[in-house]
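Here's the letter readout for the chains.
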Amino acid sequence: IDPIREEMVMSLRTYVGASKNLLSETPEHCRKVEILQPLLCNEQLAKLKHIDQSQLKAKALDTLFGAGGGAGELEKGLDQLCRAAKDAVNEGNSLLILSDRNADTDHAAIPSLLATAAVHHSLIRDGLRAKAEIIVESGDVSETHHLATLIGYGAAAVNPYVAIETLKVM
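Let us look at the structure shown here.

### Observations regarding the sheet that holds strand E8 (residues 133-137)
Move 1: The strand order across the open sheet built from five strands is E3-E4-E6-E8-E9, with neighbouring strands paired in mixed fashion. Both edges of this open sheet fall to strand E3 (52-53) and strand E9 (155-159), since each of them pairs with a single strand only.
Move 2: Looking at chain direction, strand E4 (residues 56-62) and strand E6 (residues 95-99) are connected through five bridges and run parallel. Bridging from a neighbouring strand, Leu61 pairs with Leu98 of E6.

### Overview of the pairing of E9
Move 1: Burial analysis of E9 places five of its five residues in the buried class, the great majority of the element.
Move 2: With four bridges connecting them, E8 and E9 associate as parallel partners. Residue pairing for E9: Ile135 is matched across the bridge by Ala157.
Move 3: A crossover links E8 with its parallel partner E9, the connecting element being helix H4 (residues 144-152), and its sense is right-handed.

### Re the packing of helix H2 (residues 73-90) against helix H3 (residues 112-125)
Move 1: Interaxial distance between H2 and H3 falls to 9 Å at its minimum, and their mutual angle equals 50°. One finds that H2 runs oblique with respect to H3. The interaxial crossing formed by H2 with H3 has right-handed handedness. Side by side, H2 and H3 meet where Leu74, Leu78, Leu81, Cys82, Ala85, Lys86 and Val89 of the first sit next to Leu114, Ala115, Ala118, Val119, Ser122 and Leu123 of the second.
Move 2: Looking at side-chain class alone, the contact of H2 with H3 contains eleven nonpolar, one polar and one charged residues.

### Remarks on the environment of Leu48
Move 1: Mapped onto the secondary structure, Leu48 falls in helix H1 (residues 42-49).
Move 2: Residue Leu48 is classed as buried on the basis of its relative accessible area, which comes to 5%.
Move 3: Taking the C-alpha atoms as reference points, Leu48 and Leu128, separated by 80 residues in sequence, lie 20 Å from one another.
Move 4: For Leu48, the contacting residues outside a window of four places in its chain are Val33, Ile35, Leu40, Ala58, Leu95, Ile97 and Ile135.

### Looking at the layout of surface pockets
Move 1: If you add up the space inside the largest pocket, you get close to 260 Å³.
Move 2: Of all the secondary-structure elements, those providing two or more residues to the lining of the largest pocket are H4 and helix H5 (161-169).
Move 3: Each residue belonging to the lining of the largest pocket can be placed in one class, and the counts come to nine nonpolar, two polar and one charged.

Cut-off values and rules
- Residues numbered from 1 in each chain as written.
- Predicted model: local features only at pLDDT ≥ 70, side-chain atom pairs only at ≥ 80, totals over all residues.
- Heavy atoms only, no water.
- Pairing = 2+ DSSP bridges.
- Helix = DSSP H or I, 4+ residues; strand = E, 2+ residues; numbered from the N terminus.
- Buried < 20%, exposed > 50% of the residue type's maximum accessible area, 1.4 Å probe, protein only.
- Right-handed = clockwise from strand over helix to strand, strands pointing away.
- Axes fitted to C-alpha atoms, helices over the stretch in contact; angles between N-to-C directions.
- Parallel < 35°, antiparallel > 145°, perpendicular 65-115°, else oblique.
- Left-handed = near helix turned anticlockwise from the far one by under 90°.
- Contact = heavy atoms within 4.5 Å.
- Nonpolar A, V, L, I, M, F, W, Y, C, P; charged D, E, K, R; others polar.
- 1 Å grid on protein atoms, 1.4 Å probe; cavity = no way out; pocket = protein on both sides within 12 Å on 5 of 7 lines; lining within 4 Å.
- Points joined across faces, edges and corners; volume = space filled by probe spheres on them.

Next up, the structure:
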């Protein structure tokens, strides 16, 4: 499948924001942002992070856990992330940006595929998945397979910031 040479039958465009009832048609169905492809550069992600309108708000969530080495730290970090995602949706945020940018010596990054899947399924269990899109900002995405699996596990778009910065240096 080639979106460049077969653009009549294939597109990488996606629309992010809360989904409404498919059986009715209202003006609120248009409250989405069009993204030309699911791979976001740093500038595109920055624009999405700063969206703050009544029906289209973004919230960045850290995908981190305690790096102290204690038993159950990763599971505790996943639980906190899922609770934070649920709270963000209940507060009216329709774009959830899962980010590992704040990792440091005390906080390790939850693998992006695990974090995405956990949030996706947690929101499904709580009946909130249609109210928000998941966007991933991660340093562990370095090849097309990583991008494809993240989309398959629930992400609408991905910003592989380390890969982008690496390309700029080369």
